[in-house]
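Understanding the architecture of this molecule
Next come the chains, spelled out residue by residue.
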Amino acid sequence: MEDLKKNKKPITLCIEPDPILRKPTTPVDQITDDLLDLFDDMIKIMGQFDGIGLAGPQVGCLKKIIVIDAETIAKEEGQTLPSKRYLKLINPKILSVSKELCVKEEGCLSVPTIYYEIERPKSVKISYTDENGKNMFVIEIDKNIFVFEAGLKYADEMTLGIDYIIPNISYL
């Protein structure tokens, strides 16, 4: 499912070293029913694997899309619950990042059972189109920046968190 196709097959989670995880993505040109169905399928896969974020290539789709479980992140961080449980980001872009950095443990659904400490910006400002076609939502994330920044870096540069590992890896 390298691209959105009419004859849909069930999607599965791609696991490293699947070559599709390292292929470049292309922007979404228009929001279609197939794309909206794909977001729903991605949410189901996140639920199956207890994930909080998933990018298109992780399910075999080479489009710049990310889905994030904003409600779970908010609960983990003790924040106010968002109006929507899932954020569906289309063609997301990093606009700016803070110079201040922080280190936190993270993992990736496409690299199961490996958790690592990674240094990322403390805050980031992004823009994206939502599933309703509203352009240029700009949000600044301070807490749980890791899900957003990791997903955006992955969508743009095909880099997984393990590509930046600080030498503390724990295997489950």
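Please read all numbers here as calculations on a predicted model, not as lab measurements.

With that settled, the discussion passes to the side chain of Lys-64. Locating Lys-64 in the fold gives a position in the loop between β1 (53–55) and β2 (65–69). Of the polar contacts made by the side chain of Lys-64, one reaches the side chain of Thr-25; its length is 3.3 Å.

Attention now goes to the confidence of the model for the protein. This prediction gives the protein a mean pLDDT of 79; 72% of its residues lie at or above 70. When pLDDT is averaged over each element of the protein, helix α1 (residues 33–48) comes out on top at 96 and strand β8 (residues 166–171) at the bottom at 44. Note that pLDDT drops below 50 for residues 166–172; the model gives that stretch 17 contacts with residues more than four away or on any other chain.

This part is about the environment of Lys-104. Positionally, Lys-104 belongs in strand β4 (residues 101–108). In the structure, Lys-104 is positioned 16 residues away from Arg-120 in sequence and 8.1 Å away in space, judged by C-alpha atoms.

Among the nonpolar cores identified, the biggest contains 17 residues, and Leu-38, Phe-39, Met-42, Leu-54, Val-59, Ile-65 and Val-67 are the most heavily contacted of them. Looking at this core, the elements with two or more residues in it are α1 and β2. By residue number, the principal contributor to this core is α1, which donates 7 residues. Apart from residues no more than four positions distant in its own chain, Met-42 is found in contact with Ile-11, Leu-54, Ala-55, Gly-56, Val-59, Ile-65 and Val-67. Counting residues in each nonpolar core, the second largest holds 10 residues, with Ile-73, Leu-89, Val-124 and Tyr-128 among its members.

Definitions and limits used
Residues numbered from 1 in each chain as written. Predicted model: local features only at pLDDT ≥ 70, side-chain atom pairs only at ≥ 80, totals over all residues. Heavy atoms only, no water. Helix = DSSP H or I, 4+ residues; strand = E, 2+ residues; numbered from the N terminus. Polar contact = N/O pair within 3.5 Å; in protein donor to acceptor, adjacent residues only side chain to side chain. pLDDT = per-residue confidence, 0-100. Contact = heavy atoms within 4.5 Å. Core = buried A, V, L, I, M, F, W, Y, C linked by side-chain atoms within 4.5 Å. Buried < 20%, exposed > 50% of the residue type's maximum accessible area, 1.4 Å probe, protein only.

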